[in-house]
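Residues per chain are reported as follows:
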2 protein chains.
Amino acid sequence: DSEVKIGSYLLERLAQLGTHSVQGVPGDFNMGFLDLIEDHAKLRWIGNANELNAAYAADGYARVKRTLGAVVTTFGVGELSALNGVAGSFSERLPVIHIVGVPSTAAQGSHSLLHHTLGDGRFSAFENMSKEISVDSAVLKQKEGAGEAIDRILVSAMSKARPVYLALPTDLVHATIPAGALKTPLEYSPPPNDEDAEKYVLSVAHDHIAKAKSAVILVDACAARHGCIEESRELIEKSGLPVFATPMGKAIIDEDHAQYGGIYVGNLTTEPVKQVLESADVLIMLGSLKSDFNSGNFSYRTPRSRTIELHSDYTTIGYSHYPGIGMKRLLPKLSAMLAAGGEKRREETMQVVPKFTNVLPDEKGDAISQAWLWPRMGMFFQPKDQVVLWGSIGWSVGATLGVALAARELQIGRTHLFVGDGSLQLTVQEVGTMIKHGLNPYLFVLNNDGYEIERQIHGPQRSYNDIQPYDHSILLDFFSRPKTAQQSQEESHSKDPKPSNKQYYAVKTKKELDELLSDADFNVPDRIRLIEIFVPRGDAPTALRRQAEATGSANKYD
Amino acid sequence: DSEVKIGSYLLERLAQLGTHSVQGVPGDFNMGFLDLIEDHAKLRWIGNANELNAAYAADGYARVKRTLGAVVTTFGVGELSALNGVAGSFSERLPVIHIVGVPSTAAQGSHSLLHHTLGDGRFSAFENMSKEISVDSAVLKQKEGAGEAIDRILVSAMSKARPVYLALPTDLVHATIPAGALKTPLEYSPPPNDEDAEKYVLSVAHDHIAKAKSAVILVDACAARHGCIEESRELIEKSGLPVFATPMGKAIIDEDHAQYGGIYVGNLTTEPVKQVLESADVLIMLGSLKSDFNSGNFSYRTPRSRTIELHSDYTTIGYSHYPGIGMKRLLPKLSAMLAAGGEKRREETMQVVPKFTNVLPDEKGDAISQAWLWPRMGMFFQPKDQVVLWGSIGWSVGATLGVALAARELQIGRTHLFVGDGSLQLTVQEVGTMIKHGLNPYLFVLNNDGYEIERQIHGPQRSYNDIQPYDHSILLDFFSRPKTAQQSQEESHSKDPKPSNKQYYAVKTKKELDELLSDADFNVPDRIRLIEIFVPRGDAPTALRRQAEATGSANKYD
Ligand SMILES: Cc1ncc(C[n+]2csc(CCOP(=O)(O)OP(=O)(O)O)c2C)c(N)n1
Ligand SMILES: Cc1ncc(C[n+]2csc(CCOP(=O)(O)OP(=O)(O)O)c2C)c(N)n1
Ligand SMILES: [Mg+2]
Ligand SMILES: [Mg+2]
């Protein structure tokens, strides 16, 4: 059997999974590992501006590449900055490996490590913190079993679609282990369901659907996270049922699909969609993920008794739970079962699904309102464009880096970021990393003079909802090499990608935005663009306003 | 007894402790509390660009104000971003309270909170993570006992000089409790030492010092952290012994003091200092804090058998430990004991302490080397100037905000930041918050084209040690309100402080820097200044080079 360095073993596994961009920041305990990344033919080291942004980028990358995201940090000070990003991947179910370079196994045994901890002699504080937001972790202590441990946590991440943690001591990176296992790619597809239990579930589901006067499908993020996109599409085709999507499930179904009726997001949903979906006799939820953003702040009005939920490792029908019955195996059988009558159902579907069109509201005035902005943007997007939108603040800018990298690797669509002037500030420096890697996303910055969502919730005239105004017209210039500066001649810069060209646009009226979005040159993603859209203070989309009112009641007092 | 809101009770305690600036970022679960901060006559809400920077600012504030730092975040997404900053305060022993606005006690009981957790039903993941880096915490569940819990954790923070965590539910902020306790300020000075044990320790110490041919004092950070600056100075005066300082203990002793001999930092120390200190028969360490930065990467050559260590709650003499014998009470008695013979010792001291002078090295060439830079800067500093230097990367920019706020409140000195071009990128947006609050620090940016420390350690020609170059000439412009933009007329902006004026300087030669530092106008801190100093790639201070070699050996492999 040939031998391979433990660090290289891990990188081979990443390459096999299609993880070709690795995010992170160098540090004293990870540089030996970074050498291996830089020297690997298939991998690209991204080198983010800080660790939080790196974790966000790994999350965005995992979403679009539909595989493992990877982030490398250094022991203690480095790894802790990444935690919020990893926690986001945990709650939104993205497989991410957080690889932390830690002191050598020799140093760990000695007194000197004591100094590298928090100064109070506890060795495991950092690991403990990460374990709260990981589904599996490995703290390597010796080369024996290292390959197996790496394989185990990678399989956990992929099969559970959640982050894992790996502590990699400096000396073990270059210690060798047998390479043989690498010949077999990792197997992380779910095991078959229990045959009898599955048959029973199918028959109960069939009864429900057969008896229903109306049944609809709601596709959600976890169908994508657990590799069930094809299976979900097959169900839609074969069953002929109306299909709706949550905000995070949107990518699974084509907006132009004849059976597609629009977005469901609890009480933020438009009336026609709400009507059809909430009154259905049977609602089939594929991979439901109820985060605040994805569920209209948890405001579903969908009775449990009429709901069938398909998840990666369990199914529910009404009040009955069926643990161990996962959707990857169940879906094809459900599709086969519903194929009979599919055409008839499809015809009925055409009668009920609300026709989805982007209609611009008939508003007075030149100023850009959000009510006008979103349908207008809808006309601008092209199929396969990647749109990064809201999400928890700060996340979106880091995630855009990962999304743009993944989109480039997959050679799909353009990348658009929509970010508020407030959210932008949290992680703004990651724009520099985009320029460094020659990426050309469209960065739409909505400037409404502060934290408008928060103002809608509480304290509209409070100065804590104000922010320091930035001069966005020079943002791209600030994060670029100054024109006057010589390009460094050092060898280490010889491998630098060609940085992005750049352009800034200020947009204050509907007409200006209209013209810009219709401009043919503007539509070519040949440079990084920052489009600052000025929106009046106090303006907010109706949906947001409603959501804010609900949240705001929690902050009320006399 | 009159009543007070729980939120106001906490704020009164902060005001009593002299904590007048509160760092943080608004969020859904803390805005009711922010109202109270904004309305409090003695408190100022800072409103940072992100939570990590906010935690760093609280750390810097605590260092200079020598009291509690405070940072407010929101449940989950907000609080986790602050953890790295709080962990830094834990290991460097700064009292900081991390106040997290959490859902109401009613919501906590209900199903809806489940959604606000990580999506897997665990309620305590966030608390658990913070507990690893806190000496005490309180998760308020009801108004009964809330005041006592707040008092307890504040006393823990102040007496142990470490962070504490407070989860503050939205409804309890405005619930009322009796106000009576507020009449008595918190008592956090250490209890008296056991009388007999203390006597014994004093006599053992006396024997050691009396027998010694040479004894020296080393002052370190924890003497300041535990409120023993006056006691330490008294010991120096009365004993007449030579005194040295660690990098973090420097603020305790005046550089011009006749007994002062310079900085000790393990094997990075200059020869004359190393000589005197490491050969002393007795070394009295006051409040030793051995972090990597503060101890020359843990390279002390000071034999335990000849060392007396005074800490906040224990003492060691040689190999003997004396738990419970704290320095606050011990120091005055030691001083009294050593007063006899003090004059004679002082005379001997004059013979041995190396005379500390800032000598510029005699170098060829115009380019600014670090060997030349640091002594030159030494001549520029004025007594009471606050200098923020290195530290863990990213920390320094956030900390400078807190330091500048504290210095303004205390009406002491100017604030100088020295930051590498790489470190600056992690938290650069906090410069905007400085401008928002009209602060005028000097920001010296050392531009050496990347992560030079890391290059010295490993991979000098590796591209992972390269960074995206920024155009620092427009940094201050980018983080300021654009000239073309109208000042918002909203009421919420009416309380905005006057933003800083600003100026940028590019410095490429010794002559240029010399002239700039000597310029009278430049010396007046009437605007925020960014001074970009270009240093050649590959140049590093000797001390750093030596430290890097030691660290680098950990990354070596074949
Ligand atoms: C890390 C983090 N900190 C704080 C919050 C609370 N928060 C939610 S929205 C928001 C304001 C966003 O402002 P902006 O991006 O300008 O969007 P706008 O509301 O103005 O459209 C804040 C501070 C959060 N969600 N996440
Ligand atoms: C949060 C964090 N991430 C990474 C590191 C590892 N690290 C230590 S020094 C350094 C480079 C600093 O570069 P710069 O500020 O330009 O200073 P220079 O070494 O060039 O003088 C890095 C990445 C760290 N200490 N902390
Ligand atoms: Mg905004
Ligand atoms: Mg540098």
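This write-up is about the structure you can find in this document. Computed from a predicted model, the values in this text were never measured in an experiment.

## Observations regarding unusual backbone geometry
Backbone geometry at A:Q411 places phi at a positive 50 degrees, although glycine is not the residue there. Considering the arrangement of structural elements, one finds A:Q411 in the loop between α18 (395-410) and β17 (415-420).

## Brief notes about the site of ligand 2
Around ligand 2, a shell composed of 17 residues is seen, among which A:E51, B:D421, B:G422, B:S423 and B:I453 lie nearest. Surrounding ligand 2 is a set of residues that belongs to chains A and B. Separating a nitrogen atom of ligand 2 from a side-chain N or O atom of A:E51 is a distance of 2.6 Å. With respect to ligand 2, the backbone of B:I453 contributes an N or O atom lying 2.6 Å from an oxygen atom. Summarising the interface, the protein chains cover 94% of the accessible area of ligand 2, which totals 590 Å² for the free molecule. The biggest single contributor to the shell around ligand 2 is helix α19 (residues 421-427) of chain B, with four residues. A per-class count over the shell around ligand 2 returns seven nonpolar, six polar and four charged.

## Quick word on the interface of chain B and chain A
Taken together, the contacts link 93 residues of chain B with 92 residues of chain A. Here chain B and chain A share ten salt bridges between them. The partner of B:R537 in a salt bridge is A:E490, with the nearest N and O atoms 3.8 Å apart. For the side of chain B that touches chain A, the element with the highest residue contribution is helix α2 (residues 31-39) of chain B, accounting for six residues. Split by residue class, the side of chain B that touches chain A holds 36 nonpolar, 33 polar and 24 charged.

## Section: the coordination of the magnesium ion (ligand 4)
Metal coordination angles have textbook ideals: 109.5 degrees for a tetrahedral set of four donors and 90 or 180 degrees for an octahedral set of six. Residues and elements named next belong to chain B. Distances from the magnesium ion (ligand 4) to its protein donors, D421 (OD), N448 (OD1) and G450 (O), fall within 2.0 to 2.1 Å. Going along the chain, you hit the donors of the magnesium ion (ligand 4) in the pattern D-x26-N-x1-G. Take G450: its relative accessible area is 3%, and that puts it in the buried class.

## Quick word on the site of ligand 1
Every one of the 17 residues lining ligand 1 counts as a neighbour, but A:D421, A:G422, A:S423, A:I453 and B:E51 are closest to it. Looking at what sits near ligand 1, you find residues from chains A and B. At 2.7 Å from an oxygen atom of ligand 1 is found a side-chain nitrogen or oxygen belonging to A:D421. Separating an oxygen atom of ligand 1 from a backbone N or O atom of A:G450 is a distance of 2.8 Å. Calculation on ligand 1 without its partners gives an accessible area of 590 Å², and the protein chains cover 93% of this total. Looking at the shell around ligand 1, the elements with two or more residues in it are α19 (421-427) and α21 (452-457) of chain A. Ranked by residue count, the leading element in the shell around ligand 1 is α19(A), at four residues. Broken down by class, the residue content of the shell around ligand 1 amounts to seven nonpolar, six polar and four charged.

Cut-offs used in this document
Every chain is numbered on its own, with residues counted from 1 as its sequence reads. All chains are assigned letters beginning with A, and all ligands numbers beginning with 1, in the order in which they are written. Per-residue local features are limited, in this predicted model, to residues with pLDDT of at least 70; the limit for side-chain atom pairs, both in listing and counting, is 80 or more; totals at the level of whole chains, interfaces and linings are taken over all residues. The basis for every side-chain value is the complete set of non-hydrogen atoms in the structure, without hydrogens or water. The helix and strand labels rest on DSSP assignments: H or I over at least four residues marks a helix, E over at least two residues marks a strand, and numbering proceeds from the N terminus. Each residue is tested against the molecule or strand, and it is near if at least one of its non-hydrogen atoms lies within 4 Å. The definition of a polar contact used here is a pair of N or O atoms within 3.5 Å, where within protein one atom must be able to donate a hydrogen and the other to accept one, and adjacent residues in sequence count solely through side-chain atom pairs. In these tables, accessible area is a Shrake-Rupley quantity obtained with a 1.4 Å probe, and a residue counts as shielded only by the protein chains included in the view. Side-chain classes are defined by residue name, with Ala, Val, Leu, Ile, Met, Phe, Trp, Tyr, Cys and Pro counting as nonpolar, Asp, Glu, Lys and Arg as charged, and the others, Gly among them, as polar. Here, residues are in contact when the closest pair of their heavy atoms is within 4.5 Å. For this document, the term salt bridge refers to a Lys or Arg side-chain nitrogen within 4 Å of an Asp or Glu carboxyl oxygen. Each metal's donors comprise the N, O and S atoms found within 2.8 Å of it (within 3.2 Å for Na, K or Ca). Water is not part of the atom list, so some coordination spheres may appear incomplete. Any residue under 20% of the maximum accessible area for its type is buried, any over 50% is exposed, and the rest in between are partly exposed; the area is computed with a 1.4 Å probe on protein chains only.

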